[in-house]
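Given next are the chains, with one letter for each unit.
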Amino acid sequence: MHLIDTKHLKKQTILKLFALASSFKKNPWQTDLLKHKTIAMLFFENSTRTRVSFELAAKRLGASVIHVDLASSSMQKGETVLDTVLTLSAMNIDGFIIRHQEDTLCQFIVDHLKTPAVIINAGNGTQSHPSQALLDAFTIHEHKPNFAELSIAIVGDSQHSRVAHSNIHCLQNLGVKDLRLVGPQNFLPDNDLGCKLFTDFNKGIANTDVIMMLRIQKERMKSSDIPDMTEYTASYQLNETKLKLAKADALVMHPGPINRGIEITDAVADGRQSVILQQVQNGVFMRQAILQWLFEKRI
Ligand code: NCD
């Protein structure tokens, strides 16, 4: 009924979302399921692709979309996020797409909601960004559908990355066995989350099918944890030479925003193996699939 996390999404559900996303890719305008529905977007953190692609997805399904201007909302007068959502839902808003810095905000809202509105997590804190993980998995599936055989490396600041956390759960639910987290020790999560941990970049990406690069989330770190960028780049940047360590047909992924010249070189980001813009393109179709799946149950 809501999309809060990927942890509890069964393989069967994820495959159903892939099929829906695929059909939207063939025909984006196939349904107006959300005609007469209103979706409110509440983004407490910056966003380009997630915000725009959710808006496009909702509009393609016929919804009206409202952007709540948080800077001029009553939150500036001390109203809580929950009261803001309850106030808007009293006006019969049908769905809320929410990005927030707290890990459990969307679940908290679901627990207190008084109307049947759908809650969709568009990125919460460091822990969950389910629509990104689903569009990433869908992109992998288009190239390499046999998840059980894949070796996938997630490289960089996985500890602070909600994209990494949601991807780990999603890929594990899809049956990926060789899932690796690669980065300096203080970027790796305290708990291995069922992944293999590597501080050695070369070993971590050796022979992989997919390399997912991450941005360093400086805004979520204590300043003492921010690495020296020259050292970080020397050890963990994906360049053309390092990419040769992975399989010849390995996919290069990045959820964006990219910090060019830090975690990835221009040549790799724009190269033959990069599917970064395909991820962005698929983001709209996967978000259409998510909206269709959640609202179909309601209508
Ligand atoms: C990410 C996010 O905001 O979690 N971006 C995204 O949604 N595509 C990753 C990031 O900010 O580095």
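Colleague: What's the story with the pattern of salt bridges in this structure? I'm lost.
Modeller: All told, the structure shown has 13 salt bridges when counted by the stated rule. One salt bridge in this structure joins Asp 249 and Lys 144, with 3.0 Å as the shortest N-O distance. In this pair, Asp 249 sits in the loop between α9 (240–243) and β9 (251–253) while Lys 144 sits in the loop between α5 (130–143) and β5 (151–155), placing the two residues 105 residues apart along the sequence. Close ionic contact of Lys 222 with Asp 225 constitutes a salt bridge, the shortest N to O distance being 3.8 Å. Lys 222 gets classed as exposed once you look at its relative accessible area, which sits at 55%. Sharing partners across several salt bridges, the network here consists of Lys 144, Asp 209, Lys 247 and Asp 249.

Colleague: Would you mind showing me how to read the nonpolar core here?
Modeller: Among the nonpolar cores identified, the biggest contains 56 residues, and Ile 120, Leu 134, Ile 140, Phe 147, Leu 171 and Met 286 are the most heavily contacted of them. Ranked by the residues each element gives to this core, the list is headed by helix α11 (residues 276–296), at eight residues. Not counting residues within four places of it along the chain, the set of residues in contact with Phe 147 comprises Phe 18, Ala 137, Ile 140, His 141, Leu 171, Leu 174, Gly 175 and Val 176. Listed in part, the 22 residues of the second largest apolar core include Ala 153, Val 155, Ile 216 and Tyr 236.

Colleague: Help me understand the sheet that holds strand β2 (residues 64–67) in this model?
Modeller: Through backbone hydrogen bonds, the strands of a sheet pair up, either in parallel or in antiparallel fashion. Pairing is parallel across the open sheet formed by four strands, whose spatial order is β2-β1-β3-β4. The open sheet terminates on both sides in strands that have one partner only, identified here as β2 and β4 (118–124). Taking the axes of each pair of neighbouring strands and ignoring which way they run, one obtains an average angle of 20° across the sheet. Relative to β2, strand β1 (residues 38–43) is paired through four bridges, and the arrangement is parallel. Across the sheet, Thr 38 pairs through a bridge with Ser 64, a residue of β2. Contacting β1 and β3 (95–100), helix α3 (residues 81–89) runs over the sheet at an angle of about 165° to β3.

Colleague: Is there a simple way to explain empty space enclosed by the protein in this structure?
Modeller: For the structure on display, the rule yields one cavity of 30 Å³ or more. What the largest cavity holds in volume is close to 50 Å³. Lining the largest cavity are Arg 49, Ser 53, Gln 132, Leu 135, Pro 255, Gln 279, Val 280, Gly 283 and Arg 287. Looking at the lining of the largest cavity, the elements that each hand over two or more residues are α2 (49–60), α5 and α11. Element by element, the count of residues in the lining of the largest cavity is highest for α11, at four residues. Here the lining of the largest cavity is composed, by residue class, of three nonpolar, four polar and two charged.

Colleague: What exactly am I supposed to notice about the environment of Ile 14 here?
Modeller: Its location among the elements puts Ile 14 in helix α1 (residues 11–26). With a relative accessible area of 0%, Ile 14 lands in the buried category. When the C-alpha positions of Ile 14 and Leu 174 are compared, they lie 7.8 Å apart, and in sequence the two are 160 residues distant.

Colleague: Is there a simple way to think about the site of the ligand in this case?
Modeller: All residues adjacent to the ligand are Arg 49, Thr 50, Arg 99, His 129, Gln 132, Arg 162, Val 163, Arg 215, Gln 217, Pro 255, Gly 256 and Pro 257. Gly 256 is positioned with one of its backbone polar atoms (N or O) 2.9 Å from a nitrogen atom of the ligand. With the chains in place, 94% of the 320 Å² that the ligand exposes on its own is no longer accessible. When each cavity is represented as a set of grid points, the ligand is found to reside in the largest pocket. Listing elements by their share of the shell around the ligand, those giving two or more residues are α2 and α6 (162–173). Across the shell around the ligand, the residue classes tally to three nonpolar, five polar and four charged.

Colleague: I would appreciate a short explanation of unusual backbone geometry in the present structure.
Modeller: Negative phi characterises most residues that are not glycine, and trans characterises most peptide bonds. A cis amide bond links Gly 256 to the next residue, Pro 257, at an omega of -10°. Mapped onto the fold, Pro 257 is located in the loop between β9 and α10 (266–269). Backbone geometry places Asn 92, a non-glycine residue, at a positive phi of 65°. Mapping Asn 92 onto the fold places it in the loop between α3 and β3. For Leu 193, which is not glycine, the phi torsion reads 55° and is therefore positive. Looking at the secondary structure, you find Leu 193 in the loop between β6 (178–182) and β7 (196–198). For Leu 193, a relative accessible area of 23% translates into the label partly exposed.

Cut-offs and rules
Residues numbered from 1 in each chain as written. Predicted model: local features only at pLDDT ≥ 70, side-chain atom pairs only at ≥ 80, totals over all residues. Heavy atoms only, no water. Salt bridge = Lys/Arg side-chain N within 4 Å of Asp/Glu carboxyl O. Helix = DSSP H or I, 4+ residues; strand = E, 2+ residues; numbered from the N terminus. Buried < 20%, exposed > 50% of the residue type's maximum accessible area, 1.4 Å probe, protein only. Core = buried A, V, L, I, M, F, W, Y, C linked by side-chain atoms within 4.5 Å. Contact = heavy atoms within 4.5 Å. Pairing = 2+ DSSP bridges. Axes fitted to C-alpha atoms, helices over the stretch in contact; angles between N-to-C directions. 1 Å grid on protein atoms, 1.4 Å probe; cavity = no way out; pocket = protein on both sides within 12 Å on 5 of 7 lines; lining within 4 Å. Points joined across faces, edges and corners; volume = space filled by probe spheres on them. Nonpolar A, V, L, I, M, F, W, Y, C, P; charged D, E, K, R; others polar. Near = heavy atom within 4 Å. Polar contact = N/O pair within 3.5 Å; in protein donor to acceptor, adjacent residues only side chain to side chain. Areas by Shrake-Rupley, 256 points an atom, 1.4 Å probe, with all protein chains shown as cover. Sits in = over half its atoms within 2 Å of the grid points.

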